[in-house]
Amino acid sequence: MQTEKQTIIIDGDDTLWWTNRLYLSVMNEFYERLEQLGFSRSAAGEKFGEINKKLLGQIGLSRERLGMAMKQTYKEFCEQNRMTPDVQTEAAFVALAQKVYAKTPEPMEVAHEVLATLSKDFRLIFYSGGDQYVQRQRLKDLAFDVFFQDHIYIVSDKRDPALQNILEVNSLQANDTWMIGNSPRFDINPALRSDLSCIWLHSDFWIQDIEEFELKQIHVVFSWEEIHDILYNPERLQVKSSQFSRLQVIKIKQLAITRQNRSLNGWLVGASPKYDINPASSLGLNCIWLDIGFTEADIEPFTKKVYVAFSREQVSQILERFGQNTEQTVWLDQNPGKQLGRSLVVD
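Only a predicted model underlies this, so the values are computations on that prediction, with no experimental measurement involved.

Caption draft 1: Region of the structure containing the packing of aromatic side chains. Applying the stated criterion across every chain yields a total of 23 aromatic pairs. Both rings, one in Phe 30 and one in Tyr 31, keep their centres 5.4 Å apart while their planes meet at 50°; by these two values the pair is tilted. Tyr 31 matches Phe 30 in its accessibility class, with the two residues each being buried. Grouping aromatic residues by their ring pairs yields a cluster made of Trp 200, Phe 205, Phe 213, Phe 222, Trp 289, Phe 294, Phe 302 and Phe 310. Cation over ring: Arg 21 sits above Trp 18, and NZ or CZ is 3.9 Å from the ring centre. Directly above the ring of Tyr 127 sits Lys 158, whose terminal nitrogen or CZ lies 4.7 Å from the centroid.

Encoded structure:
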């Protein structure tokens, strides 16, 4: 391994453990209760989103925010329907919100085992947004705390200044530092702007997490096992992903040669890791993964770093940034199958 230990900065929620699943369960119960009171579920979701977004700007990631948003949503619906809010119902919603923080979430599969290995060769830093007590309790309950020792940073505003502070306090150099997280907005983009190496764990996201990535390549993974392979055994990803159809490789090669004037020094845009991106990467094409939803059959480890876009507009920006003619780019982004995509929760 390296003589100087590299550093890995690691997020908590929906990176080490499944937070989104707790939120989805609680939010579903919240909307069911509102429906029982005669209120529209869809209208409640829209109103809750507005209130919660406003509170996020006012009090950040406080553990009180969810209950406040639920209570305020209920009160506004009562006012709209000329009803008197029931104090006990308000209290019940506040108590419901606390279930998210009271219950221990499920750990990500094999995350503990991978951290046990990483801790021997890397300096690990925990960096998460949220309530101090809740985050530390989850670290302790899931036995992740032993891997980070005193290197635990929990902030209410997880943006560039907070990350810069960690880099400065720990005298970290960009070329020796990694970021692992699930949030494009709060984990990956700040790290990319600081020139860190990034591994984006494609798990669950809040709607506030979504923003287009900086115009840089990143590692994309679907599991902690893939994270281990990137850091220790990247050629193993090539083996795991070498089963793509030979016919698909030939098809992409023919399309590329046609579009690129008999050259393979071009670009491909695709929605499927298995059937679009990996075969194209094997041909040496620059690849943009258009993350618009995918089927279970599309999932396999990416063999190389890729550019990622959530919209065709972002694809155009990436191509323009590198002077690529869109008419010469191979587009394979049509996917009629059932979309798995990202699981969003409005919180």
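Caption draft 2: Expanded view of the layout of surface pockets. Approximately 760 Å³ is the volume found for the largest pocket. Lining the largest pocket are 38 residues; nearest its centre among them are Leu 56, Leu 61, Phe 186, Trp 206 and Gln 208. Among the secondary structure elements, those contributing two or more residues to the lining of the largest pocket are helix H2 (41-59), strand S4 (122-129), helix H7 (132-141) and helix H9 (184-193). A class-by-class count of the residues in the lining of the largest pocket yields 9 nonpolar, 13 polar and 16 charged.

Caption draft 3: Layout of unusual backbone geometry. Its identity as a non-glycine residue notwithstanding, Val 110 has a phi of 55°, on the positive side. With respect to the helices and strands, the residue Val 110 is situated in the loop between strand S3 (106-107) and helix H6 (111-121). At Asp 195, a position not held by glycine, the phi torsion is positive, near 65°. The residue Asp 195 is located in the loop between H9 and strand S7 (197-201) in this model.

Definitions and cut-offs
- Residues numbered from 1 in each chain as written.
- Predicted model: local features only at pLDDT ≥ 70, side-chain atom pairs only at ≥ 80, totals over all residues.
- Heavy atoms only, no water.
- Phe/Tyr/Trp six-rings, centres within 6.5 Å; stacked < 30°, edge-to-face > 60°.
- Buried < 20%, exposed > 50% of the residue type's maximum accessible area, 1.4 Å probe, protein only.
- Lys NZ or Arg CZ within 6 Å of the ring centre and 35° of its normal.
- 1 Å grid on protein atoms, 1.4 Å probe; cavity = no way out; pocket = protein on both sides within 12 Å on 5 of 7 lines; lining within 4 Å.
- Points joined across faces, edges and corners; volume = space filled by probe spheres on them.
- Helix = DSSP H or I, 4+ residues; strand = E, 2+ residues; numbered from the N terminus.
- Nonpolar A, V, L, I, M, F, W, Y, C, P; charged D, E, K, R; others polar.

Nothing here speaks to function; it is geometry throughout.
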